[in-house]
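# A structural walkthrough
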Amino acid sequence: MIEDLNVSVIDHPLVQHKLTLMRMQETGTKDFRELLEEISMLMAYEITRDLPLVDMDITTPVVKCKSKTLDGKKLGLIPILRAGLGMVDGIVKLIPTIKIGHVGMYRDPKTLAPVEYYCKLPTDVADRTLIVVDPMLATGGSAAAALSLLKEKGAKHIIFLCLVSAPQGIEALNKAHPDIKIYTASVDQKLNEHGYIVPGLGDAGDRLFGTL
Ligand SMILES: O=P(O)(O)OC[C@H]1O[C@H](OP(=O)(O)OP(=O)(O)O)[C@H](O)[C@@H]1O
Ligand SMILES: O=c1cc[nH]c(=O)[nH]1
Ligand SMILES: [Mg+2]
């Protein structure tokens, strides 16, 4: 049962509305890109609601007082290339100082196995909470491999943020990395015979970069 797994569905109406627009085949690259950026920002707003705060002494034009500020916890943003790049700008607008690492991973079209081709990370990944982003969680192979790689490099606290997921992908990722919370905007029905999410939105990377 999906409900028993370490997953949370972000069902905010604005996220769901924008996701519907992204799914539509007539939505072109420009709108797809803008919608992905907007949704990523909205989802980042939701997943950061538990960030710890501390009191800070400040002076307003009226009086001295204590006011809340983020406690300086270090964050990192890790897009899985290519499609994860489309989620970066929206999140950076909310968290401008976030450090960004990149993991390149593509899915072999025949075997659907993940192939790693790039990795460049902030040097202090072990001290950061990493938000790993990829719009699509299909078989879960790419995400599981990326998370294993990050753990090998020392990462200790990771959350995974995607837009559309398949039940198989959530189960596989949760089995491989039960410690990592998955956030998604939708758990779709299934995968088709080519490993595409149904109903899904097609190939996110191709739609984002216009390489259809
Ligand atoms: O869960 P999985 O079965 O591994 O599939 C999901 C992966 O497939 C897509 O990447 P793709 O291989 O198309 O690479 P791209 O982003 O360069 O287009 C997607 O962005 C995920 O990384
Ligand atoms: O439906 C899918 C599955 C994997 N990757 C995509 O971009 N879309
Ligand atoms: Mg692709």
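Residues numbered from 1 in each chain as written. Chains lettered and ligands numbered in written order. Predicted model: local features only at pLDDT ≥ 70, side-chain atom pairs only at ≥ 80, totals over all residues. Heavy atoms only, no water.

For the coordinates displayed, the defined rule picks out 1 aromatic pair. A ring pair is formed by tyrosine 106 and tyrosine 117, whose centres lie 6.0 Å apart and whose planes are at 40°; its orientation type is tilted. With tyrosine 106 in strand β6 (residues 102–107) and tyrosine 117 in strand β7 (residues 114–120), this pair connects stretches of sequence that are 11 residues apart. By relative accessible area, tyrosine 106 is classed as partly exposed at 42%. The ring centre of tyrosine 196 lies 5.7 Å from the NZ or CZ of arginine 107, which sits over that ring. (Phe/Tyr/Trp six-rings, centres within 6.5 Å; stacked < 30°, edge-to-face > 60°. Helix = DSSP H or I, 4+ residues; strand = E, 2+ residues; numbered from the N terminus. Buried < 20%, exposed > 50% of the residue type's maximum accessible area, 1.4 Å probe, protein only. Lys NZ or Arg CZ within 6 Å of the ring centre and 35° of its normal.)

Let us look at the sheet that holds strand β13 (residues 186–187). Hydrogen bonding along the main chain pairs the strands of a sheet, whether they run parallel or antiparallel. An order of β9-β11-β13 is seen for the 3 strands of this open sheet, with the pairing classed as parallel. Strands at the two margins of the open sheet, each flanked by one partner only, are β9 (136–137) and β13. Of the pairings in the sheet, the one linking β9 to strand β11 (residues 164–165) comprises 2 bridges and is parallel in character. Pairing of leucine 137 across the sheet is with serine 165, part of β11. (Pairing = 2+ DSSP bridges.)

So, about the site of ligand 2. Taken together, the neighbourhood of ligand 2 is formed by Arg107, Met136, Ala138, Gly195, Tyr196, Ile197, Gly202, Asp203 and Ala204. In this structure, an oxygen atom belonging to ligand 2 sits 2.8 Å away from a main-chain N or O atom of isoleucine 197. Between ligand 2 and glycine 202 there is a distance of 2.8 Å, counted from a nitrogen atom to a backbone nitrogen or oxygen. In isolation ligand 2 exposes 240 Å². Once the protein is present, 88% of that is buried. Per-class residue counts for the shell around ligand 2 are 5 nonpolar, 2 polar and 2 charged. (Near = heavy atom within 4 Å. Polar contact = N/O pair within 3.5 Å; in protein donor to acceptor, adjacent residues only side chain to side chain. Areas by Shrake-Rupley, 256 points an atom, 1.4 Å probe, with all protein chains shown as cover. Nonpolar A, V, L, I, M, F, W, Y, C, P; charged D, E, K, R; others polar.)

Here the focus is the pairing of strand β8 (residues 129–133). Among the 5 residues in β8, 5 count as buried, and that is most of the element. What you see with β8 is no split at all: Thr129, Ile131 and Val133 on one side and Leu130 and Val132 on the other are buried throughout. Of the strand pairs in this sheet, strand β4 (residues 75–81) and β8 are connected by 5 bridges, and their pairing is parallel. Looking at the pairing, leucine 77 lines up with isoleucine 131 of β8. Across 5 bridges, β8 lies against strand β10 (residues 157–161) in parallel orientation. When the sheet's bridge partners are listed, threonine 129 is paired in β10 with histidine 157.

As a further point, take the UniProt feature "domain: Phosphoribosyltransferase" (unreviewed entry) in the protein. Residues annotated in UniProt with the feature "domain: Phosphoribosyltransferase" (unreviewed entry) correspond here to residues 9–211. As annotated, residues 9–211 has a helix share of 32% and a strand share of 30%, and its two end C-alpha atoms lie 29 Å apart. (UniProt positions renumbered as here; feature names shortened; annotations may be inferred.)

Time to look at the site of ligand 1. Lining the immediate surroundings of ligand 1 are 15 residues, of which Arg107, Asp134, Thr139, Gly140 and Ser142 lie closest. A distance of 3.0 Å separates an oxygen atom of ligand 1 from a polar atom in the backbone of alanine 83. A distance of 2.4 Å separates an oxygen atom of ligand 1 from a polar atom in the side chain of aspartate 134. Computed on the free molecule, ligand 1 has an accessible area of 500 Å², of which 91% lies beneath the protein chains in the complex. A molecule is said to occupy a pocket when more than half its atoms come within 2 Å of that pocket's grid points, and by this definition ligand 1 occupies the largest pocket. Going through the elements one at a time, β6, β9 and α4 (141–152) are the ones with two or more residues in the shell around ligand 1. Tallied by class, the residues present in the shell around ligand 1 amount to 6 nonpolar, 5 polar and 4 charged. (1 Å grid on protein atoms, 1.4 Å probe; cavity = no way out; pocket = protein on both sides within 12 Å on 5 of 7 lines; lining within 4 Å. Sits in = over half its atoms within 2 Å of the grid points.)

The subject of this paragraph is the nonpolar core. Ranked by internal contacts, the top residues of the largest apolar core, which has 35 residues, are Met22, Met43, Ile131, Leu161, Leu163 and Leu201. Contributing elements (two or more residues each) for this core: α1 (13–23), α2 (29–47), β4, α3 (88–94), β8, β10 and α6 (204–209). It is α2 that provides the largest number of residues to this core, a total of 7 residues. In contact with methionine 43, other than residues within four places in its own chain, are Ile10, Val15, Leu161, Cys162, Leu163, Thr184 and Ala185. (Core = buried A, V, L, I, M, F, W, Y, C linked by side-chain atoms within 4.5 Å. Contact = heavy atoms within 4.5 Å.)

In this structure, the largest pocket occupies an estimated 660 Å³ of space. Lining the largest pocket we find 30 residues, and of these Tyr106, Arg107, Ser142, Tyr196 and Asp203 sit closest to its centre. Mapped by element, the contributors of at least two residues to the lining of the largest pocket are β4, β6, β9, α4 and α6. Of the residues assigned to the lining of the largest pocket, the class counts are 16 nonpolar, 8 polar and 6 charged. Reported here for the second largest pocket is a volume of approximately 370 Å³. For the second largest pocket, the lining is made up of 16 residues, of which Thr48, Leu51, Leu70, Leu75 and Ile95 are closest to its centre. Taken together, the residues that form the lining of the second largest pocket break down as 8 nonpolar, 3 polar and 5 charged. (Points joined across faces, edges and corners; volume = space filled by probe spheres on them.)

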